[in-house]
Amino acid sequence: MPMSFMTGSIVGKRFYKEVKTREADDGNGWTVMLDYRTLKTPSKRPLKLPTLPLAKAIAAEWEYQQTDGIRPFTMPLMRLACTALERVPLTRTKIIENLMRKFNQDLVFCRAPDDNELTSYVHDRQVEKIDPLLCWVESDFGFKPVVYSSFFGGKQEDGLVTAIENLLNKTDDCELSAIDAIAASAHSLIIAIGMVRGKLQIEEAIELIRLEEDFQVDRWGLVEGGHDVDIADLRVQISSAVVFLGLSRSI
C-alpha cells in the first residue's frame, strides 16, 4: 500500500468531476466510476466491491476530495478495500503469522502490578474493564487466558493459541483485513476479534485500548497536539475498520 494512504500527503489534483457507482460488468459486485473511468487499485486492477453500500461509501470518500488535491489519508475505506482485495489474498499466511507472533504480548494479557500506589489504580481498572473480555474468551474458546505483569509478556496455553489461529484461518478477506487493521491500532488481537464478533462496541474498545494512557492524562494532563491527535487517529482507525466490515457484509 502506498505510503500516501497512511500519511497526510497530497498525491495530485482532483482530475474528475462526477463520482458514481455501477454494477460490475460481470454482474458480480460493484464498482466506483470517476467520470468515465473505473476506479482502480494501486496495482491498476478495477476495484470490484462486494456490496453496493460499500461502493457508495467509497464513492463518497472520492466525492469529498477537494479540487486542490487528493488526500488518501481521508479515505480509510478505500485503503481497507485495497488491502482486502489485493494484499490479503496474496499474503494471508504472513498476515496471520504476524498476528499470532504478537499474540502472547497482547494488550489485554498485560496487567499492571498491584503492589504500589502508582500502578495499583491501573491494575484495578484493568480487572474491572478487561476481565469481562477475558471471561468471554474463556467461554468462547474454552481456555482461560493467562495474565502477567512482565514487560516482555508471557505464554498462553497452546489450546488457546490454536483456537485463535483456526479462527483467523476461517475468516474471509474483508474480515481478516479489518482484524489486522484493528489489531495494529489496538495492539490487541483479542480486542480486534471481540469487535468483529460483536462482543465490543467501538467506544468500549477505545476505552480498553487507552485505559493506561487515560490514567496518565488524568494524572499529568493532556498534551495538545499529542494526546488529542492520538485519540482522534485511534478513533478513525478503529471506526473505519468496523464500518468497512459492516458494509462489506450488507445485502
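This one's a predicted model, so the numbers in the text were calculated from it and none came from an experiment.

(A) Examining the confidence of the model for the protein chain more closely. Mean pLDDT for the protein chain: 90, with 90% of residues reaching 70 or above. Contacts from residues 1–6, a stretch scored under 50 in pLDDT, to residues over four places away or in other chains number 16 contacts.

(B) Here's a closer look at the pairing of strand E1 (residues 19–23). Inspection of the sheet shows E1 paired to strand E2 (residues 30–34) by five bridges, in the antiparallel sense. Paired with Lys20 across the bridge in E2 is Met33. The hairpin formed by E1 and E2 contains six residues between the paired strands, and Gly27 there has a positive phi angle of roughly 75°.

(C) Representation of the sheet that holds strand E3 (residues 37–38) within the structure. In space, the three strands of this open sheet follow the order E1-E2-E3, with antiparallel pairing throughout. Each edge of the open sheet is held by one strand with a lone partner, namely E1 and E3.

(D) Spotlight on helix H3 (residues 117–141). Given a rise of 1.5 Å per residue, 25 residues ought to cover 36 Å, and the 35 Å separating the end C-alpha atoms of H3 matches this to within 8%. A maximum bend of about 45° is found in H3 at Ile130, where proline Pro132 lies one to four positions downstream. Within H3, the full set of buried residues consists of Thr119, Val122, His123, Gln126, Ile130, Leu133, Leu134, Trp136, Val137 and Phe141. Within two residues after H3, Gly142 carries a phi angle of roughly 85°, on the positive side.

(E) Region of the structure containing the environment of Leu99. Among the secondary structure elements, Leu99 is positioned in helix H2 (residues 76–101). Along the backbone, Leu99 and Ile179 are 80 residues apart, and their C-alpha atoms lie at a distance of 9.3 Å. Excluding its chain neighbours within four sequence positions, the residues that come into contact with Leu99 are Leu168, Leu176, Ile179, Asp180, Ala183 and Leu189.

(F) Local environment of the pattern of salt bridges. Enumeration according to the criterion identifies 15 salt bridges in this entry. A salt bridge links Asp180 to Arg87; the shortest N-O distance between them is 3.2 Å. Taken as a pair, Asp180 in helix H5 (residues 173–186) and Arg87 in helix H2 lie far apart in primary sequence, 93 residues in all. Judged by its relative accessible area of 14%, Asp180 is buried. Given a relative accessible area of 38%, Arg87 falls into the partly exposed group. Several salt bridges share partner residues, and in doing so they unite Arg125, Glu128, Lys129 and Glu207 into one network.

(G) Representation of the pairing of E2 in the model. Within E2, four of the five residues are buried, which leaves the element mostly enclosed by the surrounding structure. Adjacent in sequence and paired antiparallel, E2 and E3 are bridged by two residues, among which Asp35 carries a positive phi angle near 60°.

(H) Summary view of the side chain of Gln156. Topologically, Gln156 is positioned in the loop between H3 and helix H4 (158–169). Within polar-contact distance, the side chain of Gln156 engages the backbone oxygen of Val146 at 2.7 Å.

(I) Representation of the packing of aromatic side chains. Applying the stated criterion across every chain yields a total of five aromatic pairs. With a centroid separation of 5.1 Å and an interplanar angle of 80°, the aromatic rings of Phe15 and Tyr16 are classed as edge-to-face. Residue Tyr16 is classed as buried on the basis of its relative accessible area, which comes to 4%. Plain terms: the ring middles of Phe103 and Phe109 are 5.3 Å apart, the flat faces sit at 90° to each other, and that makes the pair edge-to-face. As far as burial versus exposure is concerned, Phe103 and Phe109 are alike and both buried. The rings of Phe15, Tyr16 and Trp62 are connected pair by pair, giving a single aromatic cluster.

How each quantity is defined
- Residues numbered from 1 in each chain as written.
- Predicted model: local features only at pLDDT ≥ 70, side-chain atom pairs only at ≥ 80, totals over all residues.
- Heavy atoms only, no water.
- pLDDT = per-residue confidence, 0-100.
- Contact = heavy atoms within 4.5 Å.
- Pairing = 2+ DSSP bridges.
- Helix = DSSP H or I, 4+ residues; strand = E, 2+ residues; numbered from the N terminus.
- Expected span 1.5 Å × (residues − 1).
- Bend = angle between axes of the 7 residues up to and from the residue.
- Buried < 20%, exposed > 50% of the residue type's maximum accessible area, 1.4 Å probe, protein only.
- Salt bridge = Lys/Arg side-chain N within 4 Å of Asp/Glu carboxyl O.
- Polar contact = N/O pair within 3.5 Å; in protein donor to acceptor, adjacent residues only side chain to side chain.
- Phe/Tyr/Trp six-rings, centres within 6.5 Å; stacked < 30°, edge-to-face > 60°.

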